[in-house]
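Residue-level structure breakdown
Next come the chains, spelled out residue by residue.
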Amino acid sequence: MSTVGTRGGRQQHRFLAALAGALLATIPAAGNGGAAETPVNDYPTVARADYIFGCMAANGQTRTALEKCSCSIDVIASVLPYKAYEEAETIMSVRQRGGQNASMFISMPLLREKVARLKRAQIEGELRCF
């Protein structure tokens, strides 16, 4: 099992994210007086499909992988608004290119936190679905 990002099927480092995920698992879900909240469905279909495609590339091209990867992106979407997801994916994409411009995306605390939020959401998806 691998935590997978989108846009080219990048694999995320599971070990590094697991440390942050352990904290996320201890945080209770916020609710309205115990009532279940309906998750916002603001992720475009193509973003969900792209994530599932990359996830299945890393976890096998099976029906079981399809179900687990679909579950994972649904969990991510319930934890992280699409705008935040898209921003973190963009930051990670720029980081991978390297060079002088990438150093800003690595060193700025605000940008690091955006990526960390996505990684925590991915870990939550992996914990619940895999």
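Here is what the cut-offs are and how they apply
Residues numbered from 1 in each chain as written. Predicted model: local features only at pLDDT ≥ 70, side-chain atom pairs only at ≥ 80, totals over all residues. Heavy atoms only, no water. Helix = DSSP H or I, 4+ residues; strand = E, 2+ residues; numbered from the N terminus. Buried < 20%, exposed > 50% of the residue type's maximum accessible area, 1.4 Å probe, protein only. Contact = heavy atoms within 4.5 Å. Expected span 1.5 Å × (residues − 1). Core = buried A, V, L, I, M, F, W, Y, C linked by side-chain atoms within 4.5 Å.

Overview of the overall build of the protein chain
Counting its secondary structure elements, the protein chain contains six helices and zero strands. Mapped in sequence order, the helices and strands of the protein chain form the string α-α-α-α-α-α. Looking at the protein chain as a whole, 35% of its 130 residues are labelled buried. Considering only contacts in the protein chain between residues 6 or more positions apart, those separated by 24 or more positions represent 70%.

Some words on helix H2 (residues 45–59)
Side chains that are three or four residues apart share a direction in an α-helix, a result of its 3.6 residues per turn. Between its first and last C-alpha atoms H2 spans 21 Å; for 15 residues at 1.5 Å apiece the expected length is 21 Å, and the two agree. Those residues of H2 that sit buried are Ala 47, Arg 48, Tyr 51, Ile 52, Gly 54, Cys 55 and Met 56. Once H2 ends, the next one or two residues include Gly 60, with phi positive near 110°.

Looking at the side chain of Arg 48
Structurally, Arg 48 can be placed in helix H2. Taking the relative accessible area as the measure of exposure, Arg 48 reaches 17% and is therefore buried.

Observations regarding the nonpolar core
Grouped together as the largest cluster of nonpolar side chains are 24 residues, with contacts concentrated most on Tyr 43, Tyr 51, Ile 73, Ile 76, Leu 80, Tyr 85 and Leu 118. Taken together, the elements giving at least two residues each to this core come down to H2, helix H3 (63–79), helix H4 (82–97) and helix H6 (109–129). Take this core: its biggest share by element is seven residues, from H4. Sequence-distant contacts of Ile 76, that is, excluding residues within four places in its chain, are made with Tyr 43, Tyr 51, Tyr 85, Leu 118, Ala 121 and Gln 122.

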